[in-house]
Amino acid sequence: MAFRERDYIADRSLATTVFLALELGRPLLLEGEAGVGKTELAKVLAASLGTRLIRLQCYEGLDVNTAVYEWNYPRQMLEIRLLEARGDIDRAKAHDIFSADFLIKRPLLQALEASSEGDPPVLLIDEIDRADEEFEAYLLEILSDFQVTVPEIGTIQAERPPRVILTSNRTREVHDALKRRCLYHWIDYPTAQREFDIVLARVPGAPEGLARQVVAFVQRLREADLTKVPGVAETLDWAAALMALGARELDPDTVDATLGVVLKYEEDVRHVRGATAHAYLAEVAAAG
């Protein structure tokens, strides 16, 4: 119900998995094609719980300095220079510049500390499949014990674990050791009816007739031999773009002019534009 109030239409299976992840205190790994609502679910969950969303966007080469913490070296040097300028040479030598005051806290450490200070946040580790396997292995300690070891300070552990959601577009397989620490759910493309409900919820004022045509056309595109079939995000973008143009229904000229909103590869646009788009429109019209 809380998800629907925030215009996120989840099926029973997904809602059950999210509930179990919260009740059992387990991380949740969401896999699925790009644009099916994995990241959005984490945002809606944080809003529903009335808590903070902390997001770590993964990419190749992601390391501890970017994900967990790093030392503020310029500030450390400035602190030493200020002490030396005041003549406190002995104090400058003895001054502990490797303390929490000089620590730059990145998303993972922020999530652990926020969990100790108040209501646990939602920690979104987005597109874990884009990170290197070495970083994935580093996550095992955090997801098992919800703690981080800073050699100069010690171990920082969350009093209450953050709610963790990991997403993957499956550009590579996530290691079994990480999967074992998580509950798992595959988010597939929605059925036509559920996608229609999503469009009505997320694109205010969209005419029902136009929404049904858009959904039916996109569903047909997903059956085509394309480089990248459109996700729900593209469906919503297309419906919003058609609304901005004042369209009340799909017609061949409008479809050809706006295919770049829903398809993201030139080869796909050229393949669909023209006769193929007209044929798909005829199928949509025939299906009612």
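A few points on the structure. Here the structure is a predicted model, which means the values were calculated and not measured. Along each chain, residue indices are assigned from 1 in the same order as the chain's sequence is written. In view of the model being predicted, local features appear only for residues whose pLDDT reaches at least 70, and side-chain atom pairs are presented and counted only at 80 or more, with totals across whole chains, interfaces and linings using the full set of residues. Only hydrogens and water are set aside when side-chain values are computed; all heavy atoms of the structure are taken into account.

**Describing the nonpolar core**
Right, so step 1: Here, nonpolar core refers to any group of buried Ala, Val, Leu, Ile, Met, Phe, Trp, Tyr and Cys residues whose side-chain atoms link them within 4.5 Å. Relative accessibility under 20% of the residue-type maximum defines a buried residue, over 50% an exposed one, and the middle range a partly exposed one, all with a 1.4 Å probe and only protein chains included. Of all hydrophobic cores here, the largest spans 36 residues; its most connected members are Leu108, Ile125, Ile128, Phe135, Leu139, Leu166 and Leu178.
Right, so step 2: Residues are treated as being in contact if the distance between any of their heavy atoms lies within 4.5 Å. Filtering out sequence-adjacent residues up to four positions away, Leu178 remains in contact with Ile128, Glu136, Leu139, Leu140, Leu143 and Leu166.
Right, so step 3: With 22 residues, the next largest nonpolar core counts Val229, Leu242, Ala247 and Leu259 among its residues.

**Brief notes about the packing of helix α12 (residues 232-244) against helix α13 (residues 252-262)**
Packed helices, taken two at a time, are described by their axes: the angle between them and the distance between them.
Right, so step 1: In contact at an axis separation of 9 Å, α12 and α13 are set at 140° when each is read in the N-to-C sense. By the angle between their axes, α12 is oblique relative to α13. Crossing handedness for the pair α12 and α13: right-handed. Facing Glu234, Asp237, Trp238, Ala241 and Leu242 of α12, the residues of α13 in contact are Thr254, Val255, Thr258, Val261 and Val262.
Right, so step 2: Side-chain classes follow a simple rule in which Ala, Val, Leu, Ile, Met, Phe, Trp, Tyr, Cys and Pro form the nonpolar group, Asp, Glu, Lys and Arg form the charged group, and the remainder, Gly included, forms the polar group. Each residue belonging to the contact of α12 with α13 can be placed in one class, and the counts come to six nonpolar, two polar and two charged. Every axis in this analysis is a line fitted to C-alpha atoms, fitted for helices over the stretch in contact. Angles between the N-to-C directions lie between 0 and 180 degrees. Counting from the N terminus, the helices are DSSP H or I runs at least four residues long and the strands are E runs at least two residues long. Reported orientations rely on four angle classes, namely roughly parallel under 35 degrees, roughly antiparallel over 145, roughly perpendicular from 65 to 115, and oblique for the rest. Crossings are classed by handedness, with left-handed meaning an anticlockwise turn of the near helix from the far one by less than a right angle and right-handed meaning a clockwise turn.

**Considerations on the layout of surface pockets**
Right, so step 1: Definitions used for this entry: grid spacing 1 Å over protein atoms alone; cavity, a set of points where a 1.4 Å probe fits but cannot get out; pocket, an open set with protein on both sides within 12 Å along at least 5 of 7 lines; lining residue, one with an atom within 4 Å of a point. Grid points are joined across faces, edges and corners, and a volume is the space filled by probe spheres set on the points. Looking at the largest pocket, its volume works out to about 560 Å³.
Right, so step 2: Lining the largest pocket are 27 residues; nearest its centre among them are Gly35, Val36, Gly37, Lys38 and Glu40.
Right, so step 3: Among the secondary structure elements, those contributing two or more residues to the lining of the largest pocket are α3 (38-49), α10 (192-202) and α12.
Right, so step 4: Among the elements that take part in the lining of the largest pocket, α3 stands out by supplying four residues, more than any other.
Right, so step 5: Along the lines of polarity and charge, the residues of the lining of the largest pocket split into eleven nonpolar, five polar and eleven charged.

**Comments concerning the sheet that holds strand β2 (residues 53-57)**
Right, so step 1: One requirement defines pairing of two strands: DSSP has to find at least two bridges between them. The five strands lie next to each other as β2-β5-β8-β1-β9, forming an open sheet whose pairing is parallel. The open sheet has two edge strands with one neighbour each: β2 and β9 (183-186). This sheet shows a mean twist of 20° between the axes of neighbouring strands, independent of strand direction.
Right, so step 2: Where strand β1 (residues 28-31) lies against β9, four bridges are found, and the strand directions are parallel. Among the inter-strand pairings, Leu29 is bridged to a residue of β9, identified as Tyr184.
Right, so step 3: Running at roughly 165° to β9, helix α2 (residues 12-24) makes contact with β1, β8 (163-168) and β9 of the sheet.

**With respect to the pattern of salt bridges**
Right, so step 1: For this analysis, a salt bridge means a side-chain nitrogen from Lys or Arg found within 4 Å of a carboxyl oxygen belonging to Asp or Glu. Following the criterion strictly, the structure yields 15 salt bridges and no others.
Right, so step 2: Here Glu173 makes a salt bridge to Lys179, at a shortest N to O gap of 3.4 Å.
Right, so step 3: Among the ionic pairs, Glu266 bridges to Arg270, the shortest N-O distance being 3.4 Å. Of this pair, Glu266 and Arg270 both sit in helix α14 (residues 266-272), four residues apart, which is roughly one turn of the helix.
Right, so step 4: Linked by salt bridges that have partners in common, Glu31, Arg170, Glu173 and Lys179 make up one network.

**Considerations on the packing of helix α11 (residues 208-221) against helix α15 (residues 275-287)**
Right, so step 1: Interaxial distance between α11 and α15 falls to 10 Å at its minimum, and their mutual angle equals 125°. By the angle between their axes, α11 is oblique relative to α15. The handedness of the crossing between α11 and α15 comes out as right-handed. Between α11 and α15, the residues in contact are Gln213, Ala216, Phe217, Arg220 and Leu221 and Ala277, Tyr280, Leu281, Glu283 and Val284, respectively.
Right, so step 2: Of the residues assigned to the contact of α11 with α15, the class counts are seven nonpolar, one polar and two charged.

**A word on the packing of aromatic side chains**
Right, so step 1: Each Phe, Tyr or Trp ring (for Trp, its six-membered ring) is paired with any other whose centre lies within 6.5 Å, and the angle between the two planes then decides the class: stacked below 30 degrees, edge-to-face above 60, tilted in between. By the definition in use, this model includes five aromatic pairs.
Right, so step 2: Here the aromatic cluster, defined as three or more aromatic residues joined through ring pairs, consists of Phe217, Trp238 and Tyr280.
Right, so step 3: Whether a charge sits over a ring depends on NZ of Lys or CZ of Arg being within 6 Å of the ring centre and within 35 degrees of the ring normal. One Lys or Arg, Arg75, reaches over the ring of Phe102 and ends 5.0 Å from the middle of that ring.
Right, so step 4: If you follow Arg212 out to its NZ or CZ, it ends over the ring of Phe196, 3.8 Å from the centre.

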